[in-house]
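Spelled out, the chains give:
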Amino acid sequence: MTSLHILLEGVTTGVFSFVSLQGLLDGLTVGLIYVLLAAGLSVIFGVMHVINFAHGELFTLGAYFALALIAPLGGGYAFFAALLIAPLLVGVVGVAIERFTVRPLYGRNPLYHILLTFGLVLVINDLIYLVWGTGNRSFNRPEIIRGTFELFGFSFSSYNLFIIVFGTLVALAVWAALEYTRYGLIIRAGSQDRQMVRNLGIDIDRYYSLVFGAGAALAAIAGIIVGGTQQVSPSMGMSFIIPAFVIVVLGGLGSFKGAVVGGLLVGVLQETIIRPNVPALEGTVIFLLMIGILLVRPQGLFGTEAPEDESGTLLAGTDGGFLDQDTRLKLGFVMVVLLVLIPFGSGWLYSGYAVTLVTRMLLWGLFALSLDFVMGYTGLVSLGHVLFWGLGAYTAAITLINVSESAFVAIALAIALSAVAAWIVGVLSIRVAGVYFAMITLAFAELFYNAIYSLDTISLFGLIEERPFTGGSDGLFGFGAYYGVGGAGIELNEIEVVLGPVVLGGSALFYYVVLAALVASFFLTRRILNSPFGAVMKAIRENEQRATFLGYDTTVYKRRAFVISGAVAGLAGSLSALNTGLVTPSAAEWIKSGEVIVMVVLGGMGTLYGPILGSFVFFGLENVLTDFTGYWRLVLGIIFILFVIFLPRGLVSLPGQLRPLISGGPGSKPTPDDTAPGGDD
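Every value quoted in this text rests on a predicted model; they were computed, and no experiment measured them. Residue positions within a chain follow its written sequence, with the count starting from 1. Where totals are concerned, whole chains, interfaces and linings use all residues; where local detail is concerned, this predicted model gives features only for residues with pLDDT of at least 70, and gives and counts side-chain atom pairs only at 80 or more. Where side-chain values are given, they derive from all heavy atoms of the structure, hydrogens and water being excluded.

(A) Here's a closer look at the overall build of the chain. Secondary structure elements are taken from DSSP: a helix is a run of H or I of four residues or more, a strand is a run of E of two residues or more, and numbering for both begins at the N terminus. Along the backbone of the chain there are 24 helices and ten strands. The classification of residues rests on relative accessible area computed with a 1.4 Å probe and restricted to protein chains. Under 20% of the type maximum is buried, over 50% is exposed, and intermediate values are partly exposed. Among the 681 residues that make up the chain, the fraction classed as buried is 54%. Only heavy atoms enter the contact rule, under which two residues are in contact if any of them lie within 4.5 Å. Residue pairs at least 24 apart in sequence account for 77% of intrachain contacts in the chain once pairs closer than 6 positions are excluded.

Below you can see the structure in the form of structure tokens.
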């Protein structure tokens, strides 16, 4: 007790001002919430090798189920009943998800689980909006865990103490179940060698459902606890899922012990050191830590390497089914001609919105093409590709405001900086592979996202007066551009091209700028893929180990491909900024990385034209569905999940699927277990 008093006196007199006792308790509170959320995520990966991006939505679902249980009973002790019943309900949802969506993907590359669960994010999130609406809600806590109490002269929150005690008990219960029960023994054995467990006559698949359900229930408990401290909203899971991934990576993918240590470490670090002393760097420090761990020890502090023998390959698109190369080229030419004619019908065949919509499709088609170049041909799934889109957009905007109003200069700088950023990220990231590469690119994208807020203004050490830089949460807007160099050029909004009854103005002319950029990028990347460099990329896609044996430094080839991909993404981002005349932090939100992956898979990765098709289908569906329902992401998410399960090679593989019906001959018939890489440009 004496030593505790000395410690407390030290705190009050400033000896330990750097780490306060209050901050330490707050850190433990936050850390235990992270532990509950990350433990479920980590156990699911450890046993099933599934990275569950929908974990944040299960977290949110737990809070809403609790809300539905507490509200009719008027709060109070109904909170404790909800803390028991709601996780069970979410656990049942988790079992159903595993049984009907995750199970068909066993044997495929773990990255397909990321794609699948991203589709689940869209579905569950829109279901929450559908059932509970868009407004924020709150529920009452029992009187016994409200208010504060005094201890050693300090005031503490009763609810924080409850979280610490309850969270610790739950974590201990999970640990005991894994260590001292037959169920836990089988789970641990299955995580090390699932085939061995099957050989012992144990139906390990049945245990997978229970593991997924238990992980979902843990996420729900965390959601309910957080719901007791803040407003419950449909987007609350989005803000917690990224820190949860940071913790899982720190502790080690698949390690329960790692999730506990990582959660407490991040919580205490965040509340005792970072937030009180350097709040502006709160997000940056955590993600730098994540990147450092991934570079030094990709498997984390307590994790083990994911087994390679159970990892299938990514399924690229087919060669076009019954359409030969010549026919596809002619079809592509016809499509370009049709796209050229789009603005000519604006105003009399259809409204001007059609040009706006197709411009957006072209921009995202260019972005999707950039991702496909590296994902479809080298197998590098970048979850942080939005970094280059956002960097291109901000570089263009900052250049137009501070350097030159020339669109050419802005685009050139955007491409150059995106390429440099891609080279830096590539040098650091490509040394790891698979899910670790996906995670480290996500961390870099989050670093950039946080930097946007931190670099609101810039003064350059007093050498120049303080001036807006990224604009913080407001972003940058009100910039214009001319198309020329050195002050000589034209502004698209000030000219009109009259072609008979058709008048093409600013937006229509910009449409052609975007179309030209997409066509040029397509043929450039296609030319690269047909070169010796591209042949090596395809060899890496087919069998990287064999390419290495042939003497190729595959890391160098992948890095070069990543640089090209980043440059094209930067081009797309800069054109997006020029199109709208504004750029906000939403341009770098991680969800956009998921959306562009949806487009690539929807169209067919490894084909170049497939992702462009995916962009048109994505926004076409959005446009059509929004006329009927505001919950278009729900429908789109279901479609995407069905594609991942039943048509993993995308829309471009449909001709091959239809070949037997047209010719009566045998056709390609991809199955969920099909692991042949295939694909062509």
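(B) Seen up close, a nonpolar patch on the surface. Patch membership needs two things, relative accessible area over 30% and no salt bridge, and members are linked within 9 Å if like-charged or within 5 Å if nonpolar (Val, Leu, Ile, Met, Phe, Trp, Tyr). The protein chains shown are the only cover counted for residues, whose accessible areas, like all others here, come from Shrake-Rupley with a 1.4 Å probe. The term salt bridge refers to a pairing of a side-chain nitrogen on Lys or Arg with a carboxyl oxygen on Asp or Glu at a separation within 4 Å. Judged by side-chain polarity, Leu331, Phe333, Val334, Met335, Val336, Val337, Leu338, Val340 and Leu341 come together as a nonpolar surface patch covering roughly 750 Å² of accessible area. Position of Leu341 relative to the elements: it lies in helix α13 (residues 325-341). Since its relative accessible area comes to 45%, Leu341 is described here as partly exposed.

(C) Layout of the packing of helix α15 (residues 386-402) against helix α16 (residues 407-429). Every axis corresponds to a line fitted to the C-alpha atoms, with the helix fit spanning only the stretch in contact, and the corresponding angles, defined between N-to-C directions, vary from 0 to 180 degrees. Their axes nearest at 8 Å, the elements α15 and α16 cross at an angle of 145 degrees. You can see that α15 and α16 cross each other, and the crossing is right-handed. Counted together, Leu387, Phe388, Leu391, Gly392, Thr395, Ala396, Thr399 and Leu400 of α15 and Ala407, Val409, Ala410, Leu413, Ala414, Leu417, Ser418, Ala421, Ala422 and Val425 of α16 form the full contact between these two elements. Polar here means any residue outside two lists: the nonpolar Ala, Val, Leu, Ile, Met, Phe, Trp, Tyr, Cys and Pro, and the charged Asp, Glu, Lys and Arg; Gly therefore counts as polar. Within the contact of α15 with α16, the residues separate by chemical class into 14 nonpolar, four polar and no charged. Handedness of a helix crossing follows the sense of rotation of the near helix relative to the far helix, less than a right angle counterclockwise being left-handed and clockwise being right-handed.

(D) Just helix α21 (residues 590-603), in detail. An ideal rise of 1.5 Å per residue puts 20 Å on 14 residues; α21 measures up with 21 Å between its terminal C-alpha atoms. Summarising burial for α21: 14 of the 14 residues are buried, a large majority. Directly beyond the C-terminal end of α21, a positive phi value near 125 degrees is found at Gly604. What a helix should span is 1.5 Å times the count of its residues minus one.

(E) Fine view of unusual backbone geometry. One non-glycine residue, Leu608, lies in positive phi territory at about 65 degrees. With respect to the secondary-structure elements, Leu608 resides in the loop between α21 and α22 (609-626). We classify Leu608 as buried; its relative accessible area is 0%.

(F) Looking closely at the environment of Val47. Topologically, Val47 is positioned in helix α2 (residues 21-48). Distance from Val47 to Tyr208, taken between C-alpha atoms, is 7.4 Å for residues 161 residues apart in sequence. In this structure Val47 touches Ile187, Ser191, Arg194, Tyr208 and Val211, once residues within four positions along its chain are discounted.

(G) Structural context of empty space enclosed by the protein. Only protein atoms enter the 1 Å grid used here, on which a cavity is any set of points holding a 1.4 Å probe that cannot leave and a pocket is any open set flanked by protein within 12 Å on both sides along at least five of seven lines; residues with an atom within 4 Å of a point are listed as lining. Grid points are joined across faces, edges and corners, and a volume is the space filled by probe spheres set on the points. Overall, the coordinates contain one cavity of 30 Å³ or more when judged by the stated rule. Here the largest cavity is characterised by a volume of approximately 80 Å³. Around the largest cavity, the lining residues are Phe53, Ile114, Leu115, Phe118, Leu383, Leu442, Trp590, Ser593, Gly594, Ile597, Val598 and Phe640. Elements with a minimum of two residues in the lining of the largest cavity: α5 (111-132) and α21.

(H) Geometry of the pattern of salt bridges. Counted by the stated rule, this structure contains six salt bridges. One salt bridge in this structure joins Arg360 and Glu622, with 3.6 Å as the shortest N-O distance. With Arg360 in helix α14 (residues 353-378) and Glu622 in helix α22, the pair connects residues that are 262 residues apart, well separated along the chain. Arg360 sits in the partly exposed class, given a relative accessible area of 36%. Where Glu595 meets Arg633, a salt bridge forms, and the shortest distance between an N and an O atom there is 3.0 Å. With Glu595 in helix α21 and Arg633 in helix α23 (residues 632-646), the pair connects residues that are 38 residues apart, well separated along the chain. Judged by its relative accessible area of 10%, Glu595 is buried.

(I) Structural view of the packing of α14 against α21. The geometry of α14 relative to α21 is characterised by a closest axis approach of 9 Å and an angle of 80 degrees between their N-to-C directions. As the angle between them shows, α14 and α21 are arranged roughly perpendicular. Here α14 contributes Trp364, Phe367, Ala368, Leu371, Asp372 and Met375 to the contact with α21, which in turn contributes Lys592, Glu595, Val596, Ile597, Met599, Val600 and Val601. Residue classes in the contact of α14 with α21 are distributed as ten nonpolar, no polar and three charged. Put simply, angles under 35 degrees are roughly parallel, angles over 145 are roughly antiparallel, angles from 65 to 115 are roughly perpendicular, and the rest are oblique.

(J) Examining the environment of Ala445 more closely. Within the secondary structure, Ala445 sits in helix α17 (residues 434-454). Note on Ala445: relative accessible area 2%, which makes it buried. Sequence-wise, Ala445 and His385 are 60 residues apart; in three dimensions their C-alpha atoms are separated by 7.2 Å. Contacts of Ala445, omitting those with residues within four sequence positions, involve Gly384, Val386 and Leu387.

(K) The arrangement of helix α9 (residues 204-227) in detail. With 24 residues, α9 should cover 34 Å at 1.5 Å per step; its first-to-last C-alpha distance of 35 Å lies within 8% of that length. Burial runs high along α9: 20 of the 24 residues are buried.

(L) Layout of the nonpolar core. For this analysis, a nonpolar core means a set of buried residues of the types Ala, Val, Leu, Ile, Met, Phe, Trp, Tyr and Cys, connected via side-chain atoms within 4.5 Å. Formed by 206 residues in total, the largest nonpolar core has its most connected members in Met48, Phe53, Phe79, Leu575 and Leu578. Once residues lying within four places of it in the same chain are set aside, the contact partners of Phe53 are Ile114, Thr117, Phe118, Val121, Ile241, Phe245, Leu383, Leu442 and Trp590.

(M) Up close: the confidence of the model for the chain. Within a predicted model, pLDDT stands for the predictor's per-residue confidence, ranging from 0 to 100. Looking at the chain as a whole, the pLDDT averages 83, with 89% of positions reaching at least 70. Within the model, pLDDT remains below 50 along residues 1-18, and this stretch shows 17 contacts once partners closer than five positions in the same chain are excluded. In this model residues 669-681 is a low-confidence stretch, pLDDT under 50, and it forms 47 contacts with partners more than four residues away in sequence or in other chains.

(N) Examining the pairing of strand β2 (residues 154-157) more closely. Burial along β2 is one-sided: the face carrying Phe154 and Phe156 is buried and the face carrying Ser155 and Ser157 is not. The pairing of strand β1 (residues 148-151) with β2 spans four bridges and is classified as antiparallel. What sits directly across from Glu150, in β2, is Ser155. Note on pairing: two strands pair once DSSP finds at least 2 bridges between them.

(O) Highlighting the packing of aromatic side chains. Side-chain rings of Phe, Tyr and Trp (the six-membered ring for Trp) are treated as a pair once their centres are within 6.5 Å; stacked means planes under 30 degrees apart, edge-to-face means over 60, and tilted covers the remaining angles. The final tally for this structure, using the stated rule, is 31 aromatic pairs. Pairing Trp175 with Tyr180 gives two aromatic rings, centres 5.5 Å apart and planes at 85 degrees, and the pair type is edge-to-face. Accessibility expressed as a relative area gives 37% for Trp175, which makes it partly exposed. Taking relative accessible area as the criterion, Tyr180 reaches 63% and is therefore assigned exposed. Every member of this aromatic cluster is reached through a ring pair, and the members are Phe79, Phe80, Phe139, Tyr159, Phe162 and Phe166.

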